[in-house]
Amino acid sequence: MIFQAGGSEDGRDLAATTADAIFTGHENFDEALAFSRDIKARAVAAGRKPDEVLIFPGIRLIIADTDEEAQRLEAEQNDNVDLSKALVQLGRPFNYYDFSAHDLDAPFPDLGDRGQNGYRSAAERVKRIAREENLTLRQAALRFATHHSAFVGSPATIASELERWFVEGAVDGFNIGVGSPADLDVFIERVLPLLRARGLVRQEYAYETLRENLGLAIPDNRYAAPKPKTESLHQLFRDLHAFRVTTFEPAKLAVNVNQRKTLVDTADRAKFVKVGDEVVSFSLDEVDGETLKLDALLKSGPVVLTFFRFEDCPACNIALPYYQRNLFPGLSALGATLIAVSPQVPEKLVAIKRRHDLPFAVATDRDNALARKFGVLYSFDEASRASSLANGGKGIGDITGTGTWELPMPTAVVIDQNRVVRFADVHPDWLLRTEAGPILAAVAALKSETSTKTAASTRDVRIDAAPPSAE
């Protein structure tokens, strides 16, 4: 991977055309968002996708039990700044210039073009702020040696601010700075679990390389034969969100983001379908007219269910073709049945199967009966209902034919031949869905387990059938 650091005009152009990721730094959200949008726009102008350049600002965390205590800690740290060290630090972006010969209480000195061949963006920022705020050298040294972090507060406050920067497109991740290893422990133990509960941080890595785990494609090795590329559903949804950030009206985008955030925050995870649950027999209406009965399907192998919202849902029209390319072939080879499940009535739902020529079953869950048993239903909040009905729009009940505002959360479930759940993955945020890899791994493990039991059973039979010894 190529990481770039530097926010000058030349640095931004270099990053947009060649870098995979950027290390940067910003004092506040608005500054970070403006930088992100500028870099993404330059990347598009250079013929790249917006999410082919990832932005990781360095941030400083101050975490305490309460916001007030964290703010007090920050103030104490800033009050104890060593002026001599601050002057040395101030000279760094100016090619390590020595400020000790200057009058500390005189206006910030004119340094000409010093810093143009070093840390240019940092030098330009110091000069600009010193000029705009009419700072003396002493004031400038203290101003840039003290830190006013956007991430100061209780664990919940820190988690919410990290989420805001990420969800609203100001960053693609963070380069976290701490004062000591103990501070990092506090972040891991008290903030990270909150981010995981909101679906913002993965539980484990899905891939073996940093590039893939960051959602970046692996470039072809010019010295080797081309290798098949791994398609990422997560990356497809990142592209969709990036497109919406640049095309949606701000109010409409805010409703979309806030509804997803609310679903993550309010989801009752205790009700979600879980590994080990026994599934009561059910039937679904396939859009081509067949009735799919669980017990009949399980006679030929495991059943994999993927719940989606409705046929005209943009994310669903990305997810199902992805599963067609990346999941269905592997499941077929393993003897498993794939069914895409939605509450939408068959006469409307059939459109998505025809649109993409899907080779697997697409079926209606009447009245959300199965999704309700699995604990994965949600209902539109008031803002989302108003947005749906704006400008003559239809309610979701009219679109699905159910007459309600209920939809299933994106969910993947693997059911073994004993009607026991062997894999379950539920995402309250509809722009986070299960990749093909974990589902295939679960079914492959199930097949391996079944083969082992069959082989053991065969060995037992052979032993029991052996003739008695001559003794």
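An account of the accompanying structure is given in this report.

Calculation rules
- Residues numbered from 1 in each chain as written.
- Predicted model: local features only at pLDDT ≥ 70, side-chain atom pairs only at ≥ 80, totals over all residues.
- Heavy atoms only, no water.
- Helix = DSSP H or I, 4+ residues; strand = E, 2+ residues; numbered from the N terminus.
- Expected span 1.5 Å × (residues − 1).
- Buried < 20%, exposed > 50% of the residue type's maximum accessible area, 1.4 Å probe, protein only.
- Contact = heavy atoms within 4.5 Å.
- Polar contact = N/O pair within 3.5 Å; in protein donor to acceptor, adjacent residues only side chain to side chain.
- Pairing = 2+ DSSP bridges.
- Axes fitted to C-alpha atoms, helices over the stretch in contact; angles between N-to-C directions.
- Core = buried A, V, L, I, M, F, W, Y, C linked by side-chain atoms within 4.5 Å.
- Parallel < 35°, antiparallel > 145°, perpendicular 65-115°, else oblique.
- Left-handed = near helix turned anticlockwise from the far one by under 90°.
- Nonpolar A, V, L, I, M, F, W, Y, C, P; charged D, E, K, R; others polar.

## Structural notes on helix 2 (residues 29-45)
Because an α-helix packs 3.6 residues into every turn, residues spaced three or four apart end up facing the same way.
Phase 1: End to end, helix 2 covers 24 Å across 17 residues, agreeing with the expected 24 Å (1.5 Å per residue, within 8%).
Phase 2: Every buried residue of helix 2 is listed here: Phe-29, Ala-32, Leu-33, Phe-35, Ser-36, Ile-39, Lys-40, Arg-42 and Ala-43.
Phase 3: Where helix 2 is buried, its residues contact helix 1 (9-18), strand 2 (21-24), strand 3 (54-63) and helix 7 (155-167).
Phase 4: You can read the cap of helix 2 off the contacts: a side-chain oxygen lies 3.3 Å from the backbone nitrogen of Asp-30, and it is on Asn-28.
Phase 5: Once helix 2 ends, the next one or two residues include Gly-47, with phi positive near 85°.

## Remarks on the sheet that holds strand 9 (residues 337-342)
Phase 1: With mixed pairing, the seven strands of this open sheet are ordered in space as 7-6-10-9-8-13-14. The open sheet is flanked by strand 7 (291-293) and strand 14 (421-426), the only strands paired with a single partner. Pairwise comparison of adjacent strand axes, ignoring direction, gives a mean angle of 30° for this sheet.
Phase 2: Sheet analysis places strand 13 (residues 411-415) next to strand 14, joined by five bridges and oriented antiparallel.

## A look at the nonpolar core
Phase 1: Of all hydrophobic cores here, the largest spans 68 residues; its most connected members are Phe-282, Leu-305, Phe-308, Ile-339, Val-362, Phe-374 and Ile-415.
Phase 2: Filtering out sequence-adjacent residues up to four positions away, Val-362 remains in contact with Asp-285, Glu-286, Val-287, Phe-308, Ala-340, Leu-349, Ile-352 and Lys-353.

## Some thoughts on the packing of helix 10 (residues 233-247) against helix 13 (residues 316-326)
Phase 1: Interhelical geometry of helix 10 versus helix 13 gives an angle of 155° and a closest axis separation of 10 Å. Between helix 10 and helix 13, the interaxial angle falls into the category roughly antiparallel. In the crossing of helix 10 with helix 13, the sense of the turn from one axis to the other is right-handed. Counted together, Leu-233, Leu-236, Phe-237 and Leu-240 of helix 10 and Ile-318, Ala-319, Tyr-322, Tyr-323 and Arg-325 of helix 13 form the full contact between these two elements.
Phase 2: Of the residues belonging to the contact of helix 10 with helix 13, the class tally is eight nonpolar, no polar and one charged.

Geometry only, nothing functional implied.
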